[in-house]
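# What the coordinates show
Each chain, letter by letter, is given below.
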Amino acid sequence: EPEVTQTPSHQVTQMGQEVILRCVPISNHLYFYWYRQILGQKVEFLVSFYNNEISEKSEIFDDQFSVERPDGSNFTLKIRSTKLEDSAMYFCASSEALGWGGEAFFGQGTRLTVV
Amino acid sequence: GESVGLHLPTLSVQEGDNSIINCAYSNSASDYFIWYKQESGKGPQFIIDIRSNMDKRQGQRVTVLLNKTVKHLSLQIAATQPGDSAVYFCAEKIIGGYSTLTFGKGTMLLVSP
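Residues numbered from 1 in each chain as written. Chains lettered and ligands numbered in written order. Predicted model: local features only at pLDDT ≥ 70, side-chain atom pairs only at ≥ 80, totals over all residues. Heavy atoms only, no water.

## Section: the sheet that holds strand E1 (residues 5-7) of chain A
Residues and elements named next belong to chain A. Put simply, the test is: Here a strand pair is declared whenever DSSP counts at least two bridges between the two strands. To qualify as a helix, a DSSP run of H or I must reach at least 4 residues; to qualify as a strand, a run of E must reach at least 2; elements of each kind are numbered from the N terminus. Angles here are taken between N-to-C directions and fall from 0 to 180 degrees, while the axes themselves are lines fitted to C-alpha atoms, restricted in helices to the stretch in contact.
The four strands are arranged E1-E3-E8-E7 in an open sheet whose pairing can be described as antiparallel. The open sheet terminates on both sides in strands that have one partner only, identified here as E1 and strand E7 (65-68). Geometrically, the sheet is characterised by an average inter-axis angle of 20° between neighbouring strands, direction not taken into account.

## Some remarks on the packing of aromatic side chains
How we decide: In summary, the pairing rule links any two rings of Phe, Tyr or Trp, Trp by its six-membered ring, whose centres are within 6.5 Å, and it sorts them by plane angle into stacked for under 30 degrees, edge-to-face for over 60 and tilted for everything else. Categorising residues by exposure relies on relative accessible area from a 1.4 Å probe, with only protein chains included: less than 20% of the type maximum marks a residue as buried, more than 50% marks it as exposed, and the intermediate range marks it as partly exposed.
As enumerated under the stated definition, the model contains 16 aromatic pairs over all chains in all. Aromatic pair Phe-49 of chain A and Phe-75 of chain A: ring centres 5.2 Å apart, planes at 40°, arrangement tilted. You can see Phe-49 of chain A sitting in strand E5 (residues 44-50) and its partner Phe-75 of chain A sitting in strand E8 (residues 75-79), a full 26 residues away along the chain. Each member of the pair, Phe-49 of chain A as well as Phe-75 of chain A, carries the same accessibility label: buried. Within the aromatic cluster, the residues linked to one another by ring pairs are Tyr-33, Tyr-35, Phe-45, Phe-91 and Phe-106 of chain A together with Tyr-36, Phe-46, Phe-89 and Phe-103 of chain B.

## Some thoughts on the state of the cysteines
Working definition: the covalent bond between the sulfur atoms of two cysteines is a disulfide. Keep this limit in mind: Any two cysteine sulfur atoms lying within 2.5 Å of each other are counted as a disulfide.
Counted by the stated rule, this structure contains two disulfides over all chains. The residue that forms a disulfide with Cys-23 of chain A is Cys-92 of chain A, at a sulfur-sulfur distance of 1.9 Å. Where Cys-23 of chain A bonds to Cys-92 of chain A through sulfur, the torsion about that S-S bond is close to -65°, and the disulfide is left-handed. Taken together, the residues Cys-23 of chain A in strand E3 (residues 19-24) and Cys-92 of chain A in strand E9 (residues 88-95) connect sequence positions 69 residues apart. There is no split in this pair, since Cys-23 of chain A and Cys-92 of chain A are both buried. A sulfur-sulfur distance of 1.6 Å marks the disulfide that ties Cys-23 of chain B to Cys-90 of chain B.

## Brief notes about the nonpolar core
Put simply, the rule reads: Residues belong to one nonpolar core when they are buried, are Ala, Val, Leu, Ile, Met, Phe, Trp, Tyr or Cys, and are joined through side-chain atoms within 4.5 Å. We call two residues contacting when some pair of their heavy atoms lies within 4.5 Å.
One finds Trp-34, Leu-46, Phe-61, Val-67, Phe-75, Leu-77 and Tyr-90 of chain A to be the most contacted residues of the largest nonpolar core, which totals 22 residues. Put simply, the parts of the chain that give this core at least two residues each are E3, strand E4 (31-37), E5, E7, E8, E9 and strand E11 (110-114) of chain A. What Leu-46 of chain A contacts, discounting residues up to four positions off in sequence, is Trp-34, Tyr-35, Arg-36, Glu-56, Lys-57, Ser-58, Ile-60, Phe-61, Leu-77 and Tyr-90 of chain A. Within the second largest apolar cluster, 19 residues are counted, among which are Phe-33, Trp-35, Ile-48 and Cys-90 of chain B.

## Observations regarding the pairing of strand E8 (residues 86-93) of chain B
Where a strand is regular, its side chains alternate between the two sheet faces. Residue and element names in this part refer to chain B. For E8, the buried fraction is high: eight of the eight residues fall into the buried class. Going residue by residue along E8, you find Ala-86, Tyr-88, Cys-90 and Glu-92 tucked away on one face and Val-87, Phe-89, Ala-91 and Lys-93 tucked away on the opposite face as well. Of the pairings in the sheet, the one linking strand E3 (residues 32-38) to E8 comprises seven bridges and is antiparallel in character. Within the sheet, the bridge partner assigned to Trp-35 lies in E8 and is Cys-90. Of the strand pairs in this sheet, E8 and strand E10 (residues 107-112) are connected by three bridges, and their pairing is antiparallel.

Take a look at the structure:
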């Protein structure tokens, strides 16, 4: 069964450092997303991406964040200067469509720990 | 805004019981709803979805009920198994445009053998 894959599974970084989280969405999907989940809390939307551009972003997704689809398979989330409060699980997701039946499939997540 | 914390509502059941997990959604304009299951250390996994023009939808051992009047969703799991133990989230969205998923707080389901 096709799946969304994310690397690394766990990333530890020092405050102020840049991190890049990587994702390979399901191959025939067109819509890509990043969500995050702070420990014990609900999953929060960060950004959606379609046709090589951001289609929607939340208040969380400020200038420290950026996304890129550098080639035909990868989708990355970059945090330019990490803060302690960026520590969370980051989930990549992809969907085939936007409407009915266009459910998002999630990766296993990358646990980011900022120290 | 909604308050969130480290303590999730928890439902504890015995193996073989039927489980009902409830969710109140926030946006009356939402017209598509999904239940996700999240096991420890994993990403949310799609269980079942329902569109706003439906009141009920059934899958394998799971049923979702939608009450738009009170903006309430429920997930019923029949003959609950230990493997069903996880956190369950409801999510809502508006079909069309680039509207994305808004997740609820989650409920932890604990199934005892």
